[in-house]
Amino acid sequence: VVYQAAAGSDGIRLTMESALTARDRVGVQDFVLLENFTSEAAFIENLRKRFKENLIYTYIGSVLVSVNPYKELEIYSKQHMERYRGVSFYEVSPHLYAIADNSYRSLRMERKDQCILISGESGAGKTEATKKILQYYAVTCPASEQVETVKDRLLQSNPVLEAFGNAKTLRNDNSSRFGKYMDVQFDYKGAPVGGHILNYLLEKSRVVHQNHGERNFHIFYQLLEGAEDELLRRLGLEKNPQQYHYLVKGQCARVSSISDKNDWKIVRKALSVINFTDNEVEDLLSIVASVLHLGNVQFADDEQGNAQVTTENQIKYLARLLGVGGSLLREALTHKTIIAKGEELVSPLNLEQAAYARDALAKAVYGRTFSWLVNKINKSLAYKDAECPGRRSATVLGLLDIYGFEVFQHNSFEQFCINYCNEKLQQLFIELTLKSEQEEYESEGIAWEPVQYFNNKIICDLVEEKFKGIISILDEECLRPGDATDMTFLEKLEETVKNHPHFLTHKLADQKTRKSLDREQFRLLHYAGEVTYSVTGFLDKNNDLLFRNLKETMCNSENPIINHCFERSELTDKRRPETAATQFKNSLSKLMEILMSKEPSYIRCIKPNDAKQAARFDEVLIRHQVKYLGLMENLRVRRAGFAYRRKYEIFLQRYKSLCSETWPMWEGRQHDGVAVLVKHLGYKPEEYKMGRSVISFFPNLWLSHLGVCGNVLDYMKLKSFLQYDTFWFLLSSAITIQSWWRGTQGRRKAAKKKRAVETIRRFIKGFIYRNYPRCSENEYFLDYIRYSFLMNLKRNVPKNVLDKSWPTPPPSLCEVSQLLRQLCMQNMVWSYCKRISPEWKQQLDQKVVASEIFKDKKDNYPQSVPRLFINTRLGTEEINPKVLQILKNETIKYAVPVVKYDRKGYKPRARHLLLTQSTIFVVEEAKIKQRIDYANLTGISVSSLSDSVFVLHVRCEDNKQKGDVVLQSDHVIETLTKIAMSADKVNNVNISQGSIKFTIGQGKEGIIDFTSGSELLIAKAKNGHLAVVSVFSVRGCRAWEGK
Ligand SMILES: Nc1ncnc2c1ncn2[C@@H]1O[C@H](COP(=O)(O)OP(=O)(O)OP(=O)(O)O)[C@@H](O)[C@H]1O
Ligand SMILES: [Mg+2]
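Residues numbered from 1 in each chain as written. Chains lettered and ligands numbered in written order. Predicted model: local features only at pLDDT ≥ 70, side-chain atom pairs only at ≥ 80, totals over all residues. Heavy atoms only, no water.

Peer 1: Explain the pairing of strand β23 (residues 927-933) residue by residue, including any values.
Peer 2: Two faces make up the sheet, and in a regular strand the side chains alternate between them. Here strand β22 (residues 919-924) pairs with β23 via 6 bridges, running antiparallel. If you follow valine 922 over to β23, its bridge partner there is glutamine 930. Linking two consecutive strands that pair antiparallel, namely β22 and β23, is a turn of 2 residues; a positive phi of about 45 degrees is found at glutamate 925 within it. (Pairing = 2+ DSSP bridges. Helix = DSSP H or I, 4+ residues; strand = E, 2+ residues; numbered from the N terminus.)

Below, the structure written as structure tokens:
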């Protein structure tokens, strides 16, 4: 969508342009858009046009060119800051806030350390730019209470460092006389959480001497102007700077543009913000005052020409302020100690030497205190990662504000160092923009027309090369034995580098140039112009020596700061300290490493005039700076090159969210992923080039797409940035939730395992103690066993009375089990009984009686069990009506066909047997053959075998009775049960083995012999008995089983 809008319609362009006022669009905002981009005049004209409208910022691609307005502009308000916050580079007019914001966003998105390099000559506005960038971060970055403190300290470190390290020079009323590189550390939320400052070579010579029109460091004037009388009294100072030799050399103690009084208040407040205690402030100011007193120490020579201190008052103050013994100090200022052959020799100093020693002490005290101050500030800025000490969790944004290139009437060692430093920075700029960019095209295999530029490496080498460089030669002169002087150094230089195109001395110069050079001078052709240096003082300043006895006195100081600054180990250390120039060279080389490791952004500051005046555009001066800053070359490279280059990896990571194919992850080669992404965004092949590892976009084409102020890539960046942030937010939320949930799950699992282990342990212990009486070791086990028995029983309780299964109880539950079993049975029976019908009850009653009588006694009883007893075997229709007629008053309860055997011949006769309420009838057709009242029935006999013959015994006294009756019924069990029950003779059923006797009447007896055989037989035997052979009972059983 973004691309289409950008490439296809004017909509977005209009929106973007509408955000810019007409004034913003004076000239071009980016020199890349300059039609005549090779013309220096057009370049300067654009700068001029914009400067006139107070548009001090213009881009060359991503480099910001800034022209010092020398007046307060309304472009640094909070609203302005908000306007630049998170907004694309080209959407708003050029500003250093845009650079600051861009770096900050890169830092957050790519988590790569950034640095902003601010360069330009003295007075061009570097320090102001640095401060404004810091303010921008302080206002726009996320904050918390802790962060607020850090922000305050970061901001407040500036006035303190400026008071001690800046001074009025001819070039700048607030010129930085030290180099400063400040790291601001940001946490993962983007909040500034700490900082660190590296300081470079303070121009100490200013403490004791200032050129005409210049001042000492601000702090001296601020103290005298601003401090309360009481403090001044304690420090032994007077309000008037004219009283102090160290403040009058430049003859301009007061400057209209500076309010020392106000600045004092600011500094005083800042000191407390950055954690200075009152005592520390007092100690610090004592040192400042002591420097002033030192300056006023005077000497006179005695008869021997030895220096004597004439200003006792100063010694008194100094002794108090520095916390040293007065006489010791006096002695140290006028003597020097030499150690020769292990022996200490003390020799007096002459006037000149004493003054030198005094100044050296003042410089050393001030210089070291300045370093202490930086360390102290660093401590208060230190980022303490409470969560994870030791881990490098912060990303860093570095701000470099170093002294600018400067040329004075009289240039000394300090200017040499300062300009060398600027030379190095220019070298870095060349390396990172002009050189590396072009080399990258080459290595990526992208067709490219090289742009010529001036490489100042040659000058850097001239200064720093080993053995052949100026610093090496200077060191050599400083270290060599013999009478080395500044002049011998110059001669050495002439000898060694005489043919160098950027080096010139009086001797080496041609006739014409020679006039402009003194004999003790040498000239360097710097990238930024010619500077003529006077060698006077080079050796001394480079040696930076302080007499041993002065050092010793300071080591004994009771002022904690001085004591900290002068370490005892220095006195015993035999090694010669590194010279000032070498120290500086090494620290610069470290600085270059630091800067190279970060992603740089550039602000190139230009000074519009030498008079520090607003609205004055000195074209010559500006042209000169444009030239030496290499801005034209910079522009040519930008124009010829690609507007935007990114490594595939970074490009894909950053913009993958714009294409569904590459989001959230591209699995294939980075190159292919980028190709897919770019195609998806609708770029035409001529708009970009894909190198070996980098994609590059042509500026001309995308500029033509977007007119003057669009940059699709920045829109992409913005959109991607927003998605990226949301993505990270969601991702980190998801991770937090996941980790909590996993934690909970893990804890639950662990608790479960622990419980399981405990259970198993208790179980095993319980098993071991299972046979002991209940105790704590086995109670769980026993309970468990009981529980599981009962649960098992519950599941397997017998379902009917015939089911005899029952789980085996544990020993402790045997009794319970028994009771339960009974209960269960009772319950089943009870519920069975409840369900039973009256007919069935009757049936069962009869069956029970049958069982009582025959069970285990008669062989054919088992066959009868499953056969239901029938109410009657003969219906009324089967009984002769006459019989029915006779028995009309009696109900026939049971009728069954039977066979009657005659008492004598044992002939079988078919009869019906009828049972009524009180009588048994034996009936033949219509005739009642025999009537037996139940009362006369004395018993019933039957054999134990499986026959169906039985005898009804009848009382014989009754003559009407014919005797016992021998009968056979096919349903003998049923028939006999019915008879026994009806006649209430259940207990009178006699089951006999072998034979049954029965009465025939008139006292005669018959006998029935029962035997088993293979065939049923009922017949009269030869012995006159009735022989009943019943089928072997097994047959009966089998027959039963078969059913
Ligand atoms: N953006 C600005 N707005 C208003 N005034 C400015 C601006 N930048 C610089 N100045 C003015 O210019 C003066 C010099 O600027 P600054 O101290 O930043 O120079 P510098 O480049 O740090 O110089 P040096 O190398 O000497 O330290 C400031 O004191 C201020 O008066
Ligand atoms: Mg400065």
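Moving on, there is more to tell.
Peer 1: Before we move on, could you go through the pattern of salt bridges and cite the residues and values that matter?
Peer 2: Side-chain pairing between opposite charges can occur once the charged atoms of the two side chains come close. In the structure shown here, the tally under the stated rule is 47 salt bridges. Arginine 206 is the partner of glutamate 214 in a salt bridge, and the nearest nitrogen-oxygen pair spans 2.9 Å. The class of glutamate 214 is buried, set by a relative accessible area of 3%. Ionic pairing is found between arginine 669 and aspartate 672, a salt bridge with its closest N-O pair at 3.7 Å. Accessibility expressed as a relative area gives 29% for aspartate 672, which makes it partly exposed. Through salt bridges with shared partners, a single network forms among Arg177, Glu203, Arg206, Glu214 and Glu406. (Salt bridge = Lys/Arg side-chain N within 4 Å of Asp/Glu carboxyl O. Buried < 20%, exposed > 50% of the residue type's maximum accessible area, 1.4 Å probe, protein only.)

Peer 1: Hey, could you go over the site of ligand 1 for me, with residue numbers and the actual values?
Peer 2: Of all residues adjacent to ligand 1, which total 19 residues, the nearest are Asn68, Ser122, Lys126, Thr127 and Ser175. Between threonine 127 and ligand 1, the recorded distance is 2.7 Å, taken from a side-chain N or O atom to an oxygen atom. One of the backbone N or O atoms of serine 176 is found 2.8 Å from an oxygen atom in ligand 1. Contact with the protein chains removes 90% of the 630 Å² of surface that ligand 1 exposes when unbound. (Near = heavy atom within 4 Å. Polar contact = N/O pair within 3.5 Å; in protein donor to acceptor, adjacent residues only side chain to side chain. Areas by Shrake-Rupley, 256 points an atom, 1.4 Å probe, with all protein chains shown as cover.)

Peer 1: Explain the coordination of the magnesium ion (ligand 2) residue by residue, including any values.
Peer 2: Six octahedral donors around a metal ideally make angles of 90 or 180 degrees; four tetrahedral donors ideally make 109.5 degrees. Every protein donor of the magnesium ion (ligand 2) is accounted for by Thr127 (OG1) and Ser176 (OG), and the metal-donor separations fall at 1.9 to 2.1 Å. Taken together, the residues threonine 127 in helix α6 (residues 126-140) and serine 176 in strand β5 (residues 175-176) connect sequence positions 49 residues apart. For the pair threonine 127 and serine 176, one class covers both residues: buried. (Donors = N, O, S within 2.8 Å, 3.2 Å for Na, K, Ca; no water.)

Peer 1: How would you sum up helix α20 (residues 486-497)? Please name residues and give values.
Peer 2: Under the 1.5 Å per step criterion, the end-to-end length of α20 is 16 Å for 12 residues, consistent within 8% with the ideal 16 Å. The inward-facing, buried residues of α20 contact α18 (457-464), α19 (470-479), β13 (503-505), β14 (521-526) and α22 (538-543). (Expected span 1.5 Å × (residues − 1). Contact = heavy atoms within 4.5 Å.)

Peer 1: Summarise the sheet that holds β14; cite the residues concerned and give the values.
Peer 2: Within a sheet, neighbouring strands are paired by backbone hydrogen bonds and run either parallel or antiparallel to one another. Taken together, 3 strands build an open sheet; the order of strands is β13-β14-β15 and the sheet is antiparallel. The sheet is open, and its two borders are formed by β13 and β15 (529-534), each paired with just one other strand. Across the sheet, the axes of successive neighbouring strands diverge by a mean angle of 25 degrees, strand direction being ignored. By the bridge criterion, 6 bridges tie β14 to β15 in an arrangement that is antiparallel. Within the sheet, the bridge partner assigned to glutamine 521 lies in β15 and is serine 534. (Axes fitted to C-alpha atoms, helices over the stretch in contact; angles between N-to-C directions.)

Peer 1: Got a sec to walk through the packing of helix α3 (residues 40-52) against helix α27 (residues 619-628)? Specific residues and values, please.
Peer 2: Axis separation between α3 and α27 bottoms out at 11 Å; the angle between their running directions is 115 degrees. By crossing handedness, the relation of α3 to α27 is classed as right-handed. On α27, the residues touching Glu40, Phe43, Ile44 and Leu47 of α3 are Glu619, Ile622, Arg623, Val626 and Lys627. Taken together, the residues of the contact of α3 with α27 break down into 5 nonpolar, no polar and 4 charged. (Left-handed = near helix turned anticlockwise from the far one by under 90°. Nonpolar A, V, L, I, M, F, W, Y, C, P; charged D, E, K, R; others polar.)

Peer 1: Give me the packing of aromatic side chains: which residues, what numbers.
Peer 2: For any pair of aromatic rings, geometry is given as the distance between the ring centres together with the angle between the planes. Tallied over the full model, the rule gives 38 aromatic pairs. Taking the centre distance of 5.9 Å and the plane angle of 80 degrees together, the rings of phenylalanine 276 and tryptophan 372 count as edge-to-face. Here tryptophan 372 lies in helix α16 (residues 351-381) and phenylalanine 276 lies in the loop between α12 (260-273) and α13 (278-295), a separation of 96 residues in the sequence. Each member of the aromatic cluster is reached from another via a ring pair, and the members are Tyr76, Tyr84, Tyr97, Tyr104, Tyr136, Tyr137 and Phe186. Geometry around tyrosine 221 places arginine 215 over its ring, the cationic atom sitting 3.9 Å from the centre. (Phe/Tyr/Trp six-rings, centres within 6.5 Å; stacked < 30°, edge-to-face > 60°. Lys NZ or Arg CZ within 6 Å of the ring centre and 35° of its normal.)

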